[in-house]
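# Structure at a glance
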Amino acid sequence: MSETDARLRAEALESLLIEKGLLSVSQIDDVITRYNERVGPMNGARVVAKAWCDSRFKARLLDDATSAIEEFAFEGGEVDKLVVVENTADQHNLVVCTLCSCYPWAVLGLPPKWYKDPAYRSRVVREPRAVLAEFGVQLPAATAIRVWDSSAEIRYMVLPEQPKQWQGKDEGELAALVTRDSMIGVELLAGSAE
Ligand code: FE
């Protein structure tokens, strides 16, 4: 189904549900607002920034991310079990769902279109370095790449490395700088590979 078809179908369905009195316009608006403003990568970015600033939180996050993020009380579900994997100079982590598009909604929002693309899903396992290069990520040969396959039961998020030039920024400033793609593992934050 093309994107236009999907949009037309969604609009037709929406009109029908409203007409039948099963759904109201404000309910639909609430869901859209929730995903636009309250469920999205800004949540994951807050988790990353806190881990950078608070080593005890970071240890808890890497040990058991599901319970470590409870204090944030994120909406959006879809993280029965969250596992956070840390990028280091020795190991770069990359997240995929080879089967479909499992993704940690509560911390990253809705998955980008390419994440659901069969080409990304199959190639990232066979040739992660080549796929990363296409995203503009060049890693030193000595850095191992590990690919984590998400499922309905376990969803992964990457803890990116904090760029050296971001030392001294506070948690709020850092949270504003962390990108969605860095938490999937297809982007290095400014200068972090240097
Ligand atoms: Fe999936």
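None of the values given here were measured: they were computed from a predicted structure. (Residues numbered from 1 in each chain as written. Predicted model: local features only at pLDDT ≥ 70, side-chain atom pairs only at ≥ 80, totals over all residues. Heavy atoms only, no water.)

### Some remarks on the coordination of the iron ion
The protein atoms that coordinate the iron ion are C97 (SG), C100 (SG), C102 (N) and C102 (SG), at distances spanning 2.1 to 2.5 Å. One way to put it: the 4 donor atoms around the iron ion meet at angles of 80 to 133°, and that makes the site irregular. Read in sequence order, the donor residues coordinating the iron ion give the pattern C-x2-C-x1-C. Overall, the relative accessible area of 0% leaves C97 in the buried class. (Donors = N, O, S within 2.8 Å, 3.2 Å for Na, K, Ca; no water. Tetrahedral: all angles 85-135°; square planar, octahedral: opposite > 155°, others 65-115°. Buried < 20%, exposed > 50% of the residue type's maximum accessible area, 1.4 Å probe, protein only.)

### Regarding unusual backbone geometry
One non-glycine residue with positive phi stands out, namely A73, at about 50°. By the secondary structure assignment, A73 is in the loop between α5 (65-68) and β1 (82-86). The exposure class of A73 is exposed, given its relative accessible area of 61%. (Helix = DSSP H or I, 4+ residues; strand = E, 2+ residues; numbered from the N terminus.)

### Some points on the nonpolar core
V47, W52, L61, I69, V107, Y120 and M157 are the most contacted members of the largest nonpolar core, which totals 46 residues. When residues in this core are grouped by element, the largest group, 6 residues, is from helix α3 (residues 41-53). Sequence-distant contacts of Y120, that is, excluding residues within four places in its chain, are made with L94, V95, V96, W114, Y115, V131, F135, I184 and V186. (Core = buried A, V, L, I, M, F, W, Y, C linked by side-chain atoms within 4.5 Å. Contact = heavy atoms within 4.5 Å.)

### A few points about the pairing of strand β4 (residues 155-159)
The buried fraction of β4 amounts to 5 of the 5 residues, a majority that puts the element mostly inside the structure. Burial along β4 is two-sided: R155, M157 and L159 facing one way and Y156 and V158 facing the other are all buried. Direction of pairing for β1 relative to β4: parallel, over a ladder of 5 bridges. Pairing of V83 across the sheet is with Y156, part of β4. (Pairing = 2+ DSSP bridges.)

### Notes on the domain arrangement of the protein
Annotation of the protein at the domain level lists domain 1 (3-36) and domain 2 (40-184). Centre-to-centre separation of domain 1 and domain 2, based on C-alpha positions: 30 Å. (Domains from an automatic or database assignment.)

### Describing the packing of aromatic side chains
For any two aromatic rings, the description comes down to two numbers: the centre-to-centre distance and the angle of the planes. Across all of its chains, the model carries 10 aromatic pairs by this definition. Consider the rings of F72 and F74, whose centres lie 5.0 Å apart with planes at 15°: the pair is stacked. Neither residue differs from the other here; F72 and F74 are each classed as buried. Put simply, the rings of Y103, W114, Y115, Y120 and F135 touch in pairs and so form one group of aromatic residues. In this structure, K50 is placed above the aromatic ring of F57, and the distance from its NZ or CZ to the ring centre is 5.3 Å. Between the NZ or CZ atom of R146 and the centre of the ring of W148, over which it lies, the distance is 4.0 Å. (Phe/Tyr/Trp six-rings, centres within 6.5 Å; stacked < 30°, edge-to-face > 60°. Lys NZ or Arg CZ within 6 Å of the ring centre and 35° of its normal.)

### What about the packing of α3 against helix α4 (residues 55-63)?
For the pair α3 and α4, the least separation of the axes is 5 Å and the interaxial angle reads 125°. Considering the angle they form, α3 stands oblique to α4. Residues V47, K50, A51 and C53 of α3 form the contact with α4, whose participating residues are S55, F57, K58 and L61. (Axes fitted to C-alpha atoms, helices over the stretch in contact; angles between N-to-C directions. Parallel < 35°, antiparallel > 145°, perpendicular 65-115°, else oblique.)

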